[in-house]
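Take a look at the letters that make up each chain.
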Amino acid sequence: MIYTILIIIGIILDRFTKAYAISHFIENPVFTNFINFLYVENRGAAFGILQNKRIFFLILTLVVVIYLLYYFIRNIKSNPKLLNISLSLIVSGALGNFYDRLFHGFVVDFIEFSFFDFPVFNVADILVTTGSVLLIIFIIFGKMDGEENVSSNRK
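Residues numbered from 1 in each chain as written. Predicted model: local features only at pLDDT ≥ 70, side-chain atom pairs only at ≥ 80, totals over all residues. Heavy atoms only, no water.

(A) Just the packing of helix H1 (residues 2-24) against helix H3 (residues 81-104), in detail. Between H1 and H3, the least distance of the axes is 8 Å, while the angle of their chain directions is 35°. Where H1 crosses over H3, the two elements pack in a sense that is right-handed. Classifying every residue of the contact of H1 with H3 gives 9 nonpolar, 7 polar and 5 charged. (Axes fitted to C-alpha atoms, helices over the stretch in contact; angles between N-to-C directions. Helix = DSSP H or I, 4+ residues; strand = E, 2+ residues; numbered from the N terminus. Left-handed = near helix turned anticlockwise from the far one by under 90°. Nonpolar A, V, L, I, M, F, W, Y, C, P; charged D, E, K, R; others polar.)

(B) Spatial organisation of a nonpolar patch on the surface. Nonpolar side chains collect at one region of the surface, where Leu82, Val133, Ile136, Ile137, Ile139, Ile140 and Phe141 lie side by side and expose about 600 Å² of accessible area between them. Per-element accounting of the nonpolar patch gives the leading share, 6 residues, to helix H4 (residues 123-141). Mapped onto the fold, Ile136 is located in helix H4. (Patch = residues over 30% accessible without salt bridge, like charges linked within 9 Å, V, L, I, M, F, W, Y side chains within 5 Å. Areas by Shrake-Rupley, 256 points an atom, 1.4 Å probe, with all protein chains shown as cover. Salt bridge = Lys/Arg side-chain N within 4 Å of Asp/Glu carboxyl O.)

(C) Spotlight on the UniProt feature "transmembrane region" (unreviewed entry) in the chain. As annotated in UniProt, the feature "transmembrane region" (unreviewed entry) corresponds to residues 55-73, 82-99 and 119-141 in the numbering used here. Overall, residues 82-99 shows 100% helix and 0% strand. The separation of its end C-alpha atoms is 26 Å. A distance of 30 Å separates the end C-alpha atoms of residues 119-141, which is 83% helix and 0% strand. (UniProt positions renumbered as here; feature names shortened; annotations may be inferred.)

(D) The arrangement of the packing of H1 against H4 in detail. Orientation of H1 relative to H4, taken along the N-to-C sense of each, is 145°, at an axis distance of 8 Å. The residues of H4 that touch H1, namely those facing Gly10, Leu13, Asp14, Thr17 and Lys18, are Val123, Ala124 and Leu127. Of the residues contributing to the contact of H1 with H4, the split by class is 4 nonpolar, 2 polar and 2 charged. (Contact = heavy atoms within 4.5 Å.)

(E) Here's a closer look at the packing of aromatic side chains. Tallying each qualifying case throughout the model produces 14 aromatic pairs. For the ring pair Phe25 and Phe37, a centre distance of 5.5 Å and an interplane angle of 20° mean the geometry is stacked. A residue pair is termed long-range when its members are at least 10 positions apart, and Phe25 in the loop between H1 and strand S1 (35-42) and Phe37 in strand S1 qualify at 12 residues. Residue Phe37 is classed as partly exposed on the basis of its relative accessible area, which comes to 28%. Ring plane angle 55° and centroid distance 5.4 Å describe the contact between Phe113 and Phe115, whose orientation is recorded as tilted. Overall, Phe115 belongs to the partly exposed group, its relative accessible area being 46%. Grouped by ring-pair contacts, the aromatic residues Phe34, Phe113, Phe115, Phe116, Phe118 and Phe121 constitute a single cluster. (Phe/Tyr/Trp six-rings, centres within 6.5 Å; stacked < 30°, edge-to-face > 60°. Buried < 20%, exposed > 50% of the residue type's maximum accessible area, 1.4 Å probe, protein only.)

(F) Expanded view of H3. Taking 1.5 Å of rise per residue, 24 residues should cover 34 Å, and H3 covers 34 Å from first to last C-alpha, within 8% of that figure. At the exit of H3 stands Gly105, carrying a positive phi of roughly 85°. (Expected span 1.5 Å × (residues − 1).)

(G) Just the pattern of salt bridges, in detail. In this structure the tally under the stated criterion is 4 salt bridges. The partner of Arg15 in a salt bridge is Asp100, and the shortest N-O contact between them spans 2.6 Å. Remark: Asp100 occurs in helix H3 and Arg15 occurs in helix H1; sequence separation between them is 85 residues. Of the charged contacts in the structure, one is a salt bridge between Asp100 and Lys18, with a shortest N-O distance of 3.0 Å. Taken together, the residues Asp100 in helix H3 and Lys18 in helix H1 connect sequence positions 82 residues apart. For Asp100, a relative accessible area of 0% gives the class buried. For Lys18, a relative accessible area of 0% translates into the label buried. Via salt bridges that share partners, Asp14, Arg15, Lys18 and Asp100 belong to a single interconnected network.

Here it is, written out as structure tokens:
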């Protein structure tokens, strides 16, 4: 139940921040020495690659999210908390960007670092990235029930 709530909170936070960006940053971007807030329509993937491949991304996201939810639901009780949290964050962020692609045809991005060159991103991207980092940490250091270490079984 806690993981479902985490997914829902992530989606709501993403939707709220994107709605705010649409209503405030299109005409009035905010520029600071650390973070800029500006409205960008991303019709591609991370770093703007594969522009205008909407159907591809919709299908890919559906396949990945359905698989992750299937695995997640099937193993929720036996998975360690770190794995469940990472999957919840990834699913939440993927669904947030999926919503944009489905209903708008593009993903709304609005956060940009001003002190170095990095692509504009959004809360859903933060959720997917955080979940992926936690998943990598789990794969390297995590333990499944009855195992010494997940990575030690891959020799």
